[in-house]
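# An overview of the molecular structure
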Amino acid sequence: NQLLGKIIQQFPSTQFEILGGSRFKAIEKLAKGEVDIGIGPWFDIFHVSGDFQSIELKPIEVILVASPKILPNKKSVLLSSELDQIPSLTLKPSELPFDDDKLSFAKGSQVVMVEELATLRSMLLQGVGWGLAAKHYCSDELASGELVQIDLIDGEDQFRSELRAFRSNSSFYGPVATAIWQGLKGLYHDK
């Protein structure tokens, strides 16, 4: 935000549109040519969705979480079959060709899809189900015990991703988009 604030001041005659979204909305909008630069979770499979260049901003640890009140015997170490008895909360898939309900971590669970992260967090806290979440996104709730990290005895229960800025290799960028891109490169590569 500090970088964007500086760029907005540097280019006072430019109208900026900053959009939000969840899951893979940023890469989806970029693939459709609706935005110049996106920032969001990045997986290597995104290379098949377009000719992109990207800048790593930070690593993301994605974990399984739930309210302890819905877990069997309030334990957080479970078998996959125990987890399958609890509804799975997930973000609605994007329109990208590889993103569909088959990417869901839930195999036997009832699946509840929501549009955005705030609703997902709220439903997790209410004990509606379990879900995948970025560890940094729910760190306060993990520290307070409102949510617990689920450890699967017989399956994968966490993975790593990255938060990246990305843009198309096939587009021409004017001075504003170039300044944003160079600013992002400077912020995260000069450390």
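Scroll up to find the structure this text is about.
Read on for an overview of the structure. (Residues numbered from 1 in each chain as written. Predicted model: local features only at pLDDT ≥ 70, side-chain atom pairs only at ≥ 80, totals over all residues. Heavy atoms only, no water.)

Turning our attention to unusual backbone geometry. Unusually for a residue other than glycine, Asn73 sits at a positive phi of about 55°. Here Lys74, not a glycine, exhibits a phi torsion of approximately 55°, which is positive. When you line up the elements, Lys74 lands in the loop between strand 2 (52-66) and strand 3 (77-78). (Helix = DSSP H or I, 4+ residues; strand = E, 2+ residues; numbered from the N terminus.)

Once that is clear, we can look at the packing of aromatic side chains. Two descriptors summarise a pair of aromatic rings, namely the distance from one centre to the other and the angle between the planes of the rings. With the rule as written, the count across this model stands at 2 aromatic pairs. Centroid distance Trp42 to Phe52: 6.4 Å. Interplanar angle 80°. Geometry classified as edge-to-face. Linking Trp42 in strand 1 (residues 38-42) with Phe52 in strand 2, this pair joins segments that are 10 residues apart in sequence. As far as burial versus exposure is concerned, Trp42 and Phe52 are alike and both buried. Here Trp42 and Phe166 contribute two aromatic rings whose centre-to-centre distance is 5.5 Å and whose plane-to-plane angle is 35°, an arrangement assigned as tilted. Separated by 124 residues along the polypeptide, Trp42 in strand 1 and Phe166 in strand 9 (residues 158-168) bring together distant segments of the chain. Trp42 gets classed as buried once you look at its relative accessible area, which sits at 4%. Here the aromatic cluster, defined as three or more aromatic residues joined through ring pairs, consists of Trp42, Phe52 and Phe166. Sitting above the plane of the Tyr137 ring, Arg121 keeps its charged end 3.9 Å from the centroid. (Phe/Tyr/Trp six-rings, centres within 6.5 Å; stacked < 30°, edge-to-face > 60°. Buried < 20%, exposed > 50% of the residue type's maximum accessible area, 1.4 Å probe, protein only. Lys NZ or Arg CZ within 6 Å of the ring centre and 35° of its normal.)

Shape is all these values report; function is a separate question.
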